[in-house]
Protein chains: 4
Amino acid sequence: MLHGRSSLYPYERFPSKGTPVRRELSESCGLFGVYGVRNAARMTYFGLYALQHRGEEASGIAVSDGKTIHSHVGMGLVTEVFDDLRLGALKGPVAIGHVRYGTAGASEIRNAQPLVVDCSRGQIAVVHNGTLVEADAIRDEFEAHGSIFHTTTDTELIVHMLARPNHVMSGERGIKQALASLKGAFSLLLLTPEQLIAVRDPHGFRPLVLGRAGRKGWAVASETCALDLVKAHYVREVQPGEILFIDANGLRSERFVGEERVRPHHCVFEQVYFARPDSIVFGDMVHEVRIRLGRNLAREQPVEADVVMSVPDSGNSAAIGYARASGIPYDRGLIRNHYVGRTFINPRPEDRVTGVDVKLNAVKTVVKGRRVIVVDDSIIRGTTSRGRIRMLRRTGAREIHMRVSCPPTRFPCFYGIDFPTPGELLAADRDVSQIRDFLELDSIGYLSVEGLLSSLSGPPENYCTACWSGDYIVPIDRHLGRFRSRRKK
Amino acid sequence: MLHGRSSLYPYERFPSKGTPVRRELSESCGLFGVYGVRNAARMTYFGLYALQHRGEEASGIAVSDGKTIHSHVGMGLVTEVFDDLRLGALKGPVAIGHVRYGTAGASEIRNAQPLVVDCSRGQIAVVHNGTLVEADAIRDEFEAHGSIFHTTTDTELIVHMLARPNHVMSGERGIKQALASLKGAFSLLLLTPEQLIAVRDPHGFRPLVLGRAGRKGWAVASETCALDLVKAHYVREVQPGEILFIDANGLRSERFVGEERVRPHHCVFEQVYFARPDSIVFGDMVHEVRIRLGRNLAREQPVEADVVMSVPDSGNSAAIGYARASGIPYDRGLIRNHYVGRTFINPRPEDRVTGVDVKLNAVKTVVKGRRVIVVDDSIIRGTTSRGRIRMLRRTGAREIHMRVSCPPTRFPCFYGIDFPTPGELLAADRDVSQIRDFLELDSIGYLSVEGLLSSLSGPPENYCTACWSGDYIVPIDRHLGRFRSRRKK
Amino acid sequence: MLHGRSSLYPYERFPSKGTPVRRELSESCGLFGVYGVRNAARMTYFGLYALQHRGEEASGIAVSDGKTIHSHVGMGLVTEVFDDLRLGALKGPVAIGHVRYGTAGASEIRNAQPLVVDCSRGQIAVVHNGTLVEADAIRDEFEAHGSIFHTTTDTELIVHMLARPNHVMSGERGIKQALASLKGAFSLLLLTPEQLIAVRDPHGFRPLVLGRAGRKGWAVASETCALDLVKAHYVREVQPGEILFIDANGLRSERFVGEERVRPHHCVFEQVYFARPDSIVFGDMVHEVRIRLGRNLAREQPVEADVVMSVPDSGNSAAIGYARASGIPYDRGLIRNHYVGRTFINPRPEDRVTGVDVKLNAVKTVVKGRRVIVVDDSIIRGTTSRGRIRMLRRTGAREIHMRVSCPPTRFPCFYGIDFPTPGELLAADRDVSQIRDFLELDSIGYLSVEGLLSSLSGPPENYCTACWSGDYIVPIDRHLGRFRSRRKK
Amino acid sequence: MLHGRSSLYPYERFPSKGTPVRRELSESCGLFGVYGVRNAARMTYFGLYALQHRGEEASGIAVSDGKTIHSHVGMGLVTEVFDDLRLGALKGPVAIGHVRYGTAGASEIRNAQPLVVDCSRGQIAVVHNGTLVEADAIRDEFEAHGSIFHTTTDTELIVHMLARPNHVMSGERGIKQALASLKGAFSLLLLTPEQLIAVRDPHGFRPLVLGRAGRKGWAVASETCALDLVKAHYVREVQPGEILFIDANGLRSERFVGEERVRPHHCVFEQVYFARPDSIVFGDMVHEVRIRLGRNLAREQPVEADVVMSVPDSGNSAAIGYARASGIPYDRGLIRNHYVGRTFINPRPEDRVTGVDVKLNAVKTVVKGRRVIVVDDSIIRGTTSRGRIRMLRRTGAREIHMRVSCPPTRFPCFYGIDFPTPGELLAADRDVSQIRDFLELDSIGYLSVEGLLSSLSGPPENYCTACWSGDYIVPIDRHLGRFRSRRKK
């Protein structure tokens with residue numbers, strides 16, 4: 001059962017019934033860590049740069065020189081937060097770094113990671129990708145025992161669990177015990193002055209890979225594209241339920257839960273949308289998965305048309321797959337402005353410019369008078385998609401057929417992807433014909449769950465498809481769930 | 001004949017023989033202007049945003065409220081230089097804007113445009129795309145008559161010519177006379193408190209298009225993609241040798257040179273590389289031109305291979321054309337990091353990360369063990385290309401065949417593209433087999449000049465191909481040329 | 001006994017023996033709080049502005065709208081950290097603010113105050129002026145029980161004590177119990193969503209005054225000059241050992257220690273140097289106290305001379321007192337550069353400019369050929385004083401007699417003033433003639449402790465003179481003390 | 001006759017009747033130049049730092065390495081515009097620098113100095129303190145001949161005059177001829193790649209002094225306090241009508257006007273208010289002049305009272321003089337906030353905080369129940385003074401007698417001080433009793449012109465007292481004057 005924060009406030013608080021800071025409910029972030037290289041902070045900078053698509057809100061690096069941890073975090077991209085001077089001040093052969101995904105309302109420097117604290121273990125720095133389940137309840141329990149919270153992140157909660165005295169007594173065993181009690185999605189890197197520790201939850205919700213950096217060093221990253229950039233060699237995934245200790249004695253792998261509790265449940269949305277196409281994620285090359293998604297989509301949802309085009313860039317690979325399987329020519333009908341993503345003034349109604357226009361422009365000769373198939377990776381709220389479809393109509397498309405390389409997104413994610421509430425999900429309570437009408441399309445076709453799973457190399461039960469199927473492996477009381485705003489009405 | 005600056009300094013200067021500031025020799029920029037809309041500065045902001053690829057160094061907007069010109073310029077992207085506050089301070093229904101291409105050494109705020117000055121005509125603001133020929137000589141002549149120069153831009157020279165008293169006397173005739181005496185490439189927008197003036201040189205080297213903005217307004221832009229974003233409707237190109245006066249009396253078109261001097265000579269490099277694929281330039285849709293370039297390239301330079309891929313994003317359209325004509329499947333073998341172009345620390349040798357790696361990463365499954373055709377738009381120095389080819393080799397490509405959608409770039413541009421000196425151009429003194437060896441390729445094939453020109457809808461004589469053919473329509477003394485550093489040795 | 005941090009680290013830490021972040025050992029800061037006004041954040045801004053001399057490193061404000069606490073902190077002066085936008089975002093009728101004194105090495109944003117946390121009491125914000133004794137030991141104890149520390153401030157320790165569950169159970173009694181267990185100097189303001197709480201330690205080391213703001217509101221500040229600026233009316237000091245609860249029920253005063261533990265021991269250094277002359281501190285007008293210090297100094301340390309001048313601005317009042325009592329004319333022999341205190345490049349030896357020159361310049365006509373008496377408030381290291389004396393010699397002073405309006409500063413402060421270590425204190429192991437020689441003076445004269453105490457209106461036993469006498473009311477194990485660097489050698 | 005800009009625009013302008021940028025009418029700035037030292041830019045930084053009180057709006061330095069001039073300017077204080085990096089990039093043994101006084105409306109980077117241009121003389125950099133008379137007319141004449149203006153400063157006009165070809169032909173003679181044709185107030189430094197030139201107008205309105213820097217170098221500065229800081233030795237004033245050429249051949253002094261045109265007319269306001277008290281200006285130590293002003297004021301305007309206090313810091317010296325002559329004790333009744341002058345949010349009416357409160361606070365014990373004499377250097381608009389007097393009343397002053405150490409300021413300055421228009425000058429059309437009533441005083445007393453002039457060591461005719469007497473040495477048509485806004489009504 002997932003407790004909403006406010007439900008836990010019936011008891012008297014002194015001196016006032018405080019309204020606590022909102023806990024952040026989801027985080028989709030990028031992690032990078034390295035051990036045993038000449039300039040760990042610089043390598044981490046490049047690693048984070050390759051993972052920037054996983055989070056643009058804040059960036060941070062903590063480095064150990066063997067005795068002390070120094071860190072720097074800031075709001076913004078890694079290229080905005082760090083320069084040669086900042087990196088030069090972070091000396092040492094071990095480092096961890098984090099890029100953070102921005103969710104409205106909690107965009108504050110204090111929530112930026114790595115979180116570096118002083119506790120009975122000494123100094124410790126932590127970066128985290130994922131979302132804990134029951135976090136609010138645990139947090140309340142900690143507070144009831146006198147703990148204080150500076151941030152609204154799950155990461156701080158994890159640190160509290162690691163710092164608990166019973167764990168301290170028992171060294172590494174204590175850490176494993178603390179991790180074993182965490183529920184939900186967590187790929188973690190811990191840095192102590194002498195050790196780099198990599199952890200992945202027993203379901204392996206979020207990705208985490210291990211590589212060799214140079215001859216003697218090790219690198220850990222959310223995706224292999226980060227290893228590629230720093231010329232580290234991909235070794236393998238960190239296994240679900242595995243904890244890696246990397247220190248002067250080399251690398252040591254252990255389990256922090258019994259094998260019976262290890263049940264891989266990888267987030268397919270990483271394959272569909274989130275990861276970079278040049279990354280290997282959960283053992284598959286993302287670009288190839290997407291090509292297969294497109295092929296399967298063409299088979300399941302054929303339609304007669306003149307051209308296949310993608311919503312760039314996330315739909316590119318699937319569109320190529322669709323074109324190949326259907327035999328309809330692939331073309332570029334929408335061009336992406338390369339400067340998208342930078343700070344931008346908000347267009348006003350009188351500007352007659354919309355957020356959609358700012359990102360993409362249609363290529364008239366490809367679209368005008370044509371029957372176009374538009375391949376997109378997914379549809380969340382549908383408003384952006386509708387804007388694009390209107391742009392294509394304005395440009396003169398004769399027919400517009402949208403093909404989506406995943407099933408309808410109907411359910412929230414409790415394991416780290418920040419979907420809107422069900423009420424805002426286009427497909428939550430609409431059937432396909434209603435979606436088609438909403439989007440003003442001639443037709444729409446989604447890939448089936450089976451078509452999706454058959455595009456992946458692992459057995460179907462190893463993937464989490466909860467956002468499409470509603471089957472959550474970690475039990476969630478959906479009526480409470482995270483949707484406080486709903487219950488409040 | 002083009003004079004280098006230093007050759008003109010034999011005479012004594014008092015009190016010392018000054019070493020003057022280096023004049024900037026080339027500018028490839030983006031222009032946008034609008035007349036008769038509610039908030040001209042905001043519309044110009046969006047227009048410049050769509051043209052940002054034409055220059056990232058500096059951005060500026062000047063606006064007239066009918067009486068006075070106000071302006072703001074700054075270093076950086078238009079999204080960095082302007083915010084709601086800055087735009088709100090620029091009130092009025094007429095505006096011009098500029099994005100500036102950065103060339104090393106003269107990256108200073110004082111060279112940013114619009115240039116706004118006070119002269120006998122009153123206030124005048126100017127933005128310029130192109131390069132004047134014989135600019136140094138004219139500048140020296142002006143200085144000899146007592147003029148002072150604050151910047152190193154051609155733009156300031158143009159203003160001096162416009163401000164000359166003989167021109168003042170004769171009103172619009174004077175302006176036309178001044179323009180008629182300019183040699184070289186110039187697409188210009190002039191803003192006075194009451195008038196927007198658009199000018200294109202008699203050869204039409206650089207693009208400039210006219211559109212309708214709203215029911216009564218007009219917009220002028222370097223490319224149609226800017227018109228698209230602000231919902232202005234493309235009307236036509238500003239003609240070579242044409243001057244448009246837009247004011248309370250509407251739009252009036254005139255010629256500033258006799259028809260006999262109008263000889264279109266459009267820069268094909270705009271089609272090959274510089275313009276956005278979703279723009280109409282010189283009457284052709286750029287994406288379609290590039291598709292045709294790819295098709296012609298496949299016919300002229302066939303090769304057996306497993307996959308056709310592009311160097312993203314500039315090679316994408318040509319690669320699609322190549323794949324279609326050759327029947328070899330198109331795939332994405334190189335993935336572009338979306339954050340490229342932002343301020344970045346300089347990789348050091350010990351980082352083992354190169355500028356090439358930072359921009360692109362190879363997709364292993366597409367490349368490994370395959371014979372790949374890599375389509376690129378052009379090769380300038382060759383060092384970047386070689387880095388990419390090495391990356392593909394490292395990833396395991398069996399054979400690498402590069403196909404380039406234009407002829408070998410051998411000669412400098414004096415009309416606005418900032419190529420390096422001939423000594424640095426890979427193809428300047430290498431034949432194709434030497435280029436292949438330099439790039440460590442299995443084969444290389446360039447498109448012919450004929451194949452290039454046949455991809456365009458205009459008659460061949462209407463295009464400038466000087467950088468490939470060495471035929472300059474505006475006479476250049478190549479031995480002097482712009483290469484002072486050479487002569488100095 | 002005061003523990004240095006490192007002495008407490010003999011035991012094993014897991015997974016590594018961490019070197020913890022250095023705890024900050026002293027803080028001399030400014031506090032301002034207000035309850036029940038229209039725009040509490042803006043009033044706090046002005047209050048802090050008047051207290052800026054108490055700390056220039058960081059500034060922060062937390063405000064409650066009755067339900068939630070919002071805050072903003074930043075490095076730098078209050079005028080640098082806040083603008084209209086920032087203040088406008090801090091809405092509500094209750095606020096507390098802090099200006100922080102910078103001590104080398106821990107100048108980090110995370111140490112800035114108010115510290116705002118979420119604990120079992122709900123949200124709480126705290127600002128603190130003073131230094132706790134035995135803080136390291138308490139901190140270690142907390143860590144041993146599982147607490148984690150994000151900052152190196154005493155303030156965080158105070159919050160941990162307030163958050164302890166046994167205190168929570170008992171409401172306000174719990175807070176008082178927690179405060180009663182604190183040792184050392186602490187003037188505190190606590191903000192909960194509904195209450196403003198002001199606290200002063202039983203010795204009243206650091207100042208804290210209460211005022212009326214408007215008809216119904218209350219203001220609390222370190223010095224009365226802050227009340228003056230916001231037009232609040234000075235009511236009285238917050239009493240040593242007093243806790244004020246200010247909420248919807250009005251103001252309520254309580255004691256958090258028994259009367260027997262209340263022993264006023266005000267820091268005289270506030271009178272001598274730290275406070276603004278226009279403030280009432282410990283019941284005395286600071287300017288008048290300093291005039292009396294100067295008068296007593298003239299009686300105790302007379303000397304024949306031509307002119308009395310001060311080291312501006314801290315010596316101004318005492319110099320006037322000295323001049324009046326001695327009959328020797330007062331003049332301005334040193335002029336202060338008004339721009340001192342701003343970021344400044346560090347003069348290098350080859351610049352032939354020193355930090356002393358940058359701050360003050362001598363007035364030739366006042367100094368040249370004259371016998372001058374220079375009145376300063378105190379001498380700490382002596383190097384700055386020597387620089388000034390050399391400047392006066394260079395300007396042509398015939399004789400230089402320094403008169404200091406307090407006794408020789410010989411001992412460290414454990415209650416909130418950041419003196420250097422004894423080894424760096426000029427007077428720690430020098431007698432007066434050695435000091436005179438070191439400073440290259442003709443004579444030097446210090447005020448006696450008796451002369452100092454007789455300048456104050458309270459009974460002598462109510463003041464702390466430890467930095468001059470070595471008598472510490474709160475027991476300190478001086479051999480451990482705070483001087484780790486010493487012991488380490 | 002001084003022409004307002006708009007009066008000169010009756011003729012038709014083409015293509016529109018432009019409203020030109022407003023020319024700036026007054027500048028009170030600080031100059032520093034140095035020749036022949038190791039690091040000229042750093043020394044100039046320190047020199048400007050000492051002169052910062054002469055202008056806070058913008059700062060700039062130009063340096064020559066013997067061949068090329070490099071420069072950097074920015075908005076703000078010298079400490080804000082320059083850091084080690086910026087200074088390190090300005091290499092060379094010769095430099096000039098400028099601090100600029102901000103006047104509303106023209107606070108733009110392009111108006112910052114040094115102005116560095118390229119003309120027929122080669123590169124030239126100029127800094128200027130003063131105001132030209134008839135500048136608008138000359139500017140119009142230049143424009144009519146084709147010149148263009150980038151800024152609204154007199155400085156640019158001076159450069160145009162220096163660049164005129166007839167001057168160029170004749171070398172140094174040409175420069176002198178150009179200077180001879182300038183009318184108004186101008187202290188100038190010119191920098192060419194090889195030469196530092198210092199110029200002072202024939203009336204010597206604004207100060208300029210010469211010093212020796214090190215054994216072989218020279219320094220030039222607006223005030224001697226800048227020489228003191230860089231350890232340069234004061235040699236003498238640059239004489240009215242003198243031009244100093246400093247180059248590899250040493251220092252050479254010449255006249256640029258015949259002796260009959262040299263009529264010293266130093267600005268007394270420098271002595272009264274503008275200069276630093278530790279400077280020697282026009283041969284007098286400023287502090288001593290102010291002491292004498294205070295003495296004379298006490299003799300001319302005696303009053304019975306308990307205490308003499310100043311408005312700090314500009315009134316400090318005169319208050320000491322008044323106290324000495326009157327025998328009434330000097331005390332500090334108003335305390336200045338040291339942080340005044342920094343960016344500050346604008347107090348709003350509801351804040352109940354005024355700009356006056358922010359700067360000064362009254363010392364209750366000095367003021368309450370007392371008859372106070374408040375000595376101020378001058379009164380311009382009177383609103384600030386009235387605010388202070390109200391503060392003293394609020395604090396409980398029994399009687400308030402203001403004494404002003406100069407005559408009533410009645411007339412505008414055309415030679416470099418930026419007074420408000422006559423309509424805003426308190427004394428322009430009020431007699432002393434009306435002023436007293438406006439300021440809510442018990443009495444007010446001004447120093448007479450005779451009392452003022454007798455405080456100076458030069459003959460009375462050598463000083464400009466136009467702002468008090470209305471006698472302008474350079475003829476001004478007062479009905480046109482600078483007061484366009486008035487005429488427009």
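Residues numbered from 1 in each chain as written. Chains lettered and ligands numbered in written order. Predicted model: local features only at pLDDT ≥ 70, side-chain atom pairs only at ≥ 80, totals over all residues. Heavy atoms only, no water.

**So, the state of the cysteines**
What counts here: Counting rule for disulfides: a pair of cysteine sulfur atoms within 2.5 Å. Partly exposed describes any residue whose relative accessible area lies between the buried limit of under 20% and the exposed limit of over 50%, with all areas from a 1.4 Å probe on protein chains only and scaled to the type maximum.
Enumeration according to the criterion identifies zero disulfides over all chains in this entry. Cysteine C267 of chain A is unpaired, with the sulfur of C413 of chain A as its nearest cysteine sulfur at 5.9 Å. Exposure remark for C267 of chain A: the relative accessible area of 9% places this residue in the buried category. C406 of chain C takes part in no disulfide bond, and the closest cysteine sulfur to it belongs to C467 of chain C, at a distance of 7.2 Å. By relative accessible area, C406 of chain C is classed as buried at 0%.

**Some thoughts on helix α10 (residues 286–300) of chain A**
The following threshold applies: Secondary structure elements follow DSSP: runs of H or I no shorter than four residues count as helices, runs of E no shorter than two count as strands, and numbering proceeds from the N terminus. The length a helix should cover is 1.5 Å for every residue beyond the first.
Across its 15 residues, α10 of chain A extends 21 Å between first and last C-alpha, which sits within 8% of the 21 Å expected from 1.5 Å per residue. For α10 of chain A, a buried count of 11 out of 15 residues is recorded, marking the element as mostly surrounded by other parts of the structure.

**Remarks on the packing of aromatic side chains**
The following threshold applies: Pairing of aromatic rings covers Phe, Tyr and Trp, the last counted by its six-membered ring, and requires centre-to-centre distances within 6.5 Å; plane angles under 30 degrees mean stacked, over 60 mean edge-to-face, and any other angle means tilted.
This model, assessed by the stated rule, comprises 35 aromatic pairs over all chains. Arranged with centres 5.6 Å apart and planes meeting at 20 degrees, the rings of Y330 of chain A and Y330 of chain B form a pair that is stacked. Linking Y330 of chain A in the loop between α11 (316–326) and β18 (334–336) with Y330 of chain B in the loop between α11 (316–326) and β18 (334–336), this pair reaches from one chain into another. Taking relative accessible area as the criterion, Y330 of chain A reaches 12% and is therefore assigned buried. Here the aromatic rings of F205 of chain B and Y415 of chain B are separated by 4.1 Å at their centres, their planes lie at 25 degrees, and the arrangement is stacked. One end of the pair, F205 of chain B, is in the loop between β8 (195–200) and β9 (209–213); the other, Y415 of chain B, is in the loop between β21 (399–404) and α15 (432–439), and 210 residues separate them in sequence. Given the relative accessible area of 1%, F205 of chain B is considered buried.

**Describing the interface of chain B and chain A**
Test applied: By the convention used here, residues are in contact when the closest approach between their heavy atoms is within 4.5 Å. Accessible surface is computed with a 1.4 Å probe, and the buried area is the amount of it that two parts give up when combined, taken over both parts together. Take a side-chain nitrogen of Lys or Arg and a carboxyl oxygen of Asp or Glu: if they are within 4 Å of each other, that pair is a salt bridge. Pairing of N or O atoms within 3.5 Å defines a polar contact, subject to two protein rules: one partner must be a possible hydrogen donor and the other a possible acceptor, and residues neighboring in sequence count only if both atoms are side-chain atoms. Under the scheme applied, nonpolar residues are Ala, Val, Leu, Ile, Met, Phe, Trp, Tyr, Cys and Pro; charged residues are Asp, Glu, Lys and Arg; polar residues are all the others, including Gly.
Between chain B and chain A, the residue contacts involve 63 residues of the former and 64 residues of the latter. Summing both sides of the interface, chain B and chain A together bury roughly 6,000 Å²; the carbon and sulfur share of this comes to 53%. Linking chain B with chain A are 10 salt bridges, by the criterion used here. Our count for the chain B to chain A interface comes out at 36 residue pairs in polar contact (both at pLDDT 80 or more). Counting residues per element, the side of chain B that touches chain A draws most heavily on helix α1 (residues 40–50) of chain B, at five residues. When its residues are assigned to classes, the side of chain B that touches chain A shows 26 nonpolar, 13 polar and 24 charged.

**Details of the relation of the copies chain B and chain A**
Keep this limit in mind: Least-squares superposition aligns the copies on the C-alpha atoms of those residues with pLDDT at or above 70 in both.
Superposition of chain B onto chain A requires a rotation of 180 degrees combined with a translation of 0.0 Å along the rotation axis, giving an RMSD of 0.1 Å. Such a combination of rotation and displacement between the chain copies is what one expects of a two-fold axis. Using C-alpha coordinates, one finds that chain B approaches the rotation axis most closely at H338 of chain B, a distance of 3.8 Å. A share of 100% of interface residues in chain B that are also interface residues in chain A marks the association as one of identical surfaces.

**Let's talk about the domain arrangement of chain A**
Residue and element names in this part refer to chain A. Threshold: By convention here, the domain bounds are inherited from an automatic or database domain assignment.
Structurally, chain A comprises domain 1 (5–265) and domain 2 (280–337 + 352–468). With 21 residues of domain 1 at the interface, the matching set in domain 2 holds 13 residues. Roughly 1,400 Å² is buried in total at the junction of domain 1 and domain 2, and carbon and sulfur atoms are behind 56% of that figure. Our enumeration of links across domain 1 and domain 2 arrives at five residue pairs in polar contact (both at pLDDT 80 or more). By residue class, the composition of the side of domain 1 that touches domain 2 is eight nonpolar, eight polar and five charged.

**Some thoughts on a negative patch on the surface**
Here is the rule we go by: Every patch collects residues that have over 30% relative accessible area and no salt bridge, joining them within 9 Å if they carry like charges and within 5 Å if they are nonpolar side chains (Val, Leu, Ile, Met, Phe, Trp, Tyr). Every accessible area reported is derived by Shrake-Rupley at a probe size of 1.4 Å, with residue values counting cover from the shown protein chains alone. Under the counting rule used here, the positive set is Lys and Arg, the negative set is Asp and Glu, and His together with the chain ends is not counted. Throughout, a charge is located at the NZ atom of Lys, the CZ atom of Arg, the CG atom of Asp or the CD atom of Glu.
A grouping of E56 and E80 of chain A together with E56 and E80 of chain B is seen on the molecular surface, where their side chains present a negatively charged patch. Considering the arrangement of structural elements, one finds E56 of chain B in the loop between α1 and β2 (58–64).

**Here's the deal with unusual backbone geometry**
In this chain, Q113 of chain B is followed by P114 of chain B through a cis amide linkage whose omega measures 5 degrees. Mapping P114 of chain B onto the fold places it in the loop between β4 (94–100) and β5 (115–119). The phi dihedral of E440 of chain A falls on the positive side, at around 60 degrees, and the residue is not glycine. With respect to the helices, strands and loops of the structure, E440 of chain A is situated in the loop between α15 (432–438) and β22 (443–446). Residue E440 of chain A is classed as partly exposed on the basis of its relative accessible area, which comes to 34%. Residues other than glycine seldom take positive phi values, yet E134 of chain B does so here, at roughly 65 degrees. Locating E134 of chain B in the fold gives a position in the loop between β6 (122–129) and α4 (135–144).

**Description of the packing of helix α4 (residues 135–144) of chain C against helix α5 (residues 154–163) of chain C**
Residue and element names in this part refer to chain C. Put simply, the rule is: Axes here refer to lines fitted to C-alpha atoms; in helices the fit is confined to the stretch in contact. Angles between the N-to-C directions go from 0 to 180 degrees. These descriptions rest on fixed angle ranges, namely under 35 degrees for roughly parallel, over 145 for roughly antiparallel, 65 to 115 for roughly perpendicular, and the rest for oblique. By definition, any crossing whose near helix is turned counterclockwise from its far helix by less than a right angle is left-handed, and any crossing with a clockwise turn is right-handed.
At a minimum axis distance of 11 Å, the contact between α4 and α5 shows a crossing angle of 50 degrees. Classified by the angle between their axes, α4 and α5 sit oblique to one another. Pair α4 / α5 crosses with left-handed handedness. Facing α4, whose interface residues are A135, I138, R139 and F142, α5 presents D154, L157, H160 and M161.

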